[in-house]
Amino acid sequence: MTLAKGFMIINGKKVFDSKDTMQVINPATEEVMGEVPVANKEDIDKTIDIAQKSFLNWSRENPRTRSKILHAAAERVREEAEKIAEILTLEQGKPLKEARGEIKVSADILDFYAEELKRVKGINYWMDSNYIKSQVIYQPIGVIGAITPFNYPVSLTAFKVAPALATGNTVIVKPSSLTPLSVIYYLNCIIEAGLPDGVLNCLTGPGGQVVEYLLESPAIGKVSFTGSTETGRKIMSKAGKYLKKMTLELGGNSPVLIFKDADIERAVNDCVYRSFRNMGQICNSINRIYVEKSIMDDFVNSFIDKSKSLVIDNGIKNPDADLGPMASLEGVIKTEAHIKDALKKGACLKYGGKKPENFKKGFFFEPTVVTNVNCQMMIMNEETFGPVAPIMGFEDLEEGIRLSNRSPYGLVSYVYTKDLSKAIYVSENLQFGTVGINNIIGAEVGYPYGGWKDSGIGVEVSEHALYEYLNLKHIRIKI
Ligand code: NAD
């Protein structure tokens, strides 16, 4: 197979050359499938300088023009969707059907902000006297550093780039080193749609190196980061020194509460999907399943049956497979460590727990179900980010709420019940940015998505996200 050749995007040009390159691995075969350059200090300095200079014109650009370019970009992404989706499957592992869905969302989000940007408006006040006119307006911040993870590399980049560009900022993207290629090809479509040179740039290389250097630059007005809570903390403490504005979309440890009055079949189907989709590598994966004790056995048996029906395969050869490999060996190692810890502390392995026998190569792992779990286990406290579903019983509503809230994370939680009063009471008492009642759609275009507590600061994917990329200004005029 020919290697996919990645490039950086600096001032609208593709930059292939660099002293160092990084390999990109296909997690289904463990073979090298591509490479990208590693940005050096010169590249980073040049990019920051270009992005800063380009801000002057782009921030003054008429919103209608920005809107047209974003719509054209969405169309260009749709034209290239199949190619980007294939690269995404090859570097990340998710089946092609899933990759196609991700690219579709990443095009749609450009259209969404192309319209939403027109609705940003200021306020006029005539409060103090007839001779003082106060205007409050929103203005773009400047150069945005957008740092993104491997699990939904394209859509999570789109969640930052689209609102940042829509509001007149310029952007430097640093994609995950595991999955840079799909992001580069996506960004290139936006540039080809007519974005002026220097407005959208992309640097590749190890996070620590490239991001640290970006953070130190006074020209970077804001850092928008999606990734683990651990990396988020490091970035925030560094950014604190330079007083950067921040949006942080971090890790989760999402609980689901299944009450005895729930539609059990629906709850099982949804929970299996949300526990194992993308091999559990989703920030809003279900990580802790709490089931009311009287229906525990029925739930567990149906959950195992449904899990057994999932098809695991190489997502290029079998585009409609339910699950592909995990994205990296590190992910498999962490998943195994969490299972081992749980079993050592008394958990019962009901299904899975190992590499599937029919795959000699690749980071494949069986969807895994464990019961008899307790609050001392890593699996019930830390984000596994792997295909493991731990199931635990709860006695009553208050215990269910307490168990759900005992996590330091506060991204998404889910509840299954047919009792409307209970649904309202529980959702108001769960300390999470999103609560799904009888459904598992955690993040959807148009609605705010953001974490409470250790899951982050700020929101994405809605009109609220536009204001993450805008400064407020009061203009006081004496007449
Ligand atoms: P990660 O934190 O390892 O990496 C994220 C990005 O940060 C990458 O681009 C990486 O190169 C860079 N990076 C890594 N170390 C760095 C450092 N020391 N300094 C600066 N940058 C650094 O995360 P990941 O493994 O790519 O992604 C998985 C994590 O992302 C999970 O915790 C998941 O929950 C979280 N996530 C959160 C959301 C959300 O919306 N809340 C969405 C998706 C993923």
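Asker: How should the environment of Glu-75 be read in this particular structure?
Answerer: In this structure, Glu-75 sits in helix 2 (residues 63–79). A relative accessible area of 42% means that Glu-75 is categorised as partly exposed. Separated by 107 residues in sequence, Glu-75 and Ser-182 have C-alpha atoms that sit 17 Å apart. A polar side-chain atom of Glu-75 sits 2.8 Å from a polar atom in the side chain of Arg-78.

Asker: Could you clarify how one ought to interpret the pairing of strand 8 (residues 143–147) in this entry?
Answerer: Within a regular beta strand, the side chains point alternately toward one face of the sheet and then the other, so they alternate between its two faces. With five of five residues buried, strand 8 lies mostly within the body of the structure. Direction of pairing for strand 8 relative to strand 9 (residues 170–174): parallel, over a ladder of five bridges. Its bridge partner being in strand 9, Ala-146 is matched across the sheet by Val-173. A crossover connection joins strand 8 to the parallel strand 9 through helix 5 (residues 153–166); in handedness this β-α-β unit is right-handed. As defined by bridge partners, strand 8 adjoins strand 11 (residues 220–226) across five bridges and the pair is classed as parallel.

Asker: Whenever I open this one, the sheet that holds strand 23 (residues 470–478) confuses me. Can you help?
Answerer: The three strands are arranged 6-7-23 in an open sheet whose pairing can be described as antiparallel. Either end of the sheet is taken by a strand with one partner, and the two such strands are strand 6 (123–125) and strand 23. On average, each strand axis in the sheet is tilted by 20° relative to the strand beside it, whichever way the strands run.

Rules behind the numbers
- Residues numbered from 1 in each chain as written.
- Predicted model: local features only at pLDDT ≥ 70, side-chain atom pairs only at ≥ 80, totals over all residues.
- Heavy atoms only, no water.
- Helix = DSSP H or I, 4+ residues; strand = E, 2+ residues; numbered from the N terminus.
- Buried < 20%, exposed > 50% of the residue type's maximum accessible area, 1.4 Å probe, protein only.
- Polar contact = N/O pair within 3.5 Å; in protein donor to acceptor, adjacent residues only side chain to side chain.
- Pairing = 2+ DSSP bridges.
- Right-handed = clockwise from strand over helix to strand, strands pointing away.
- Axes fitted to C-alpha atoms, helices over the stretch in contact; angles between N-to-C directions.

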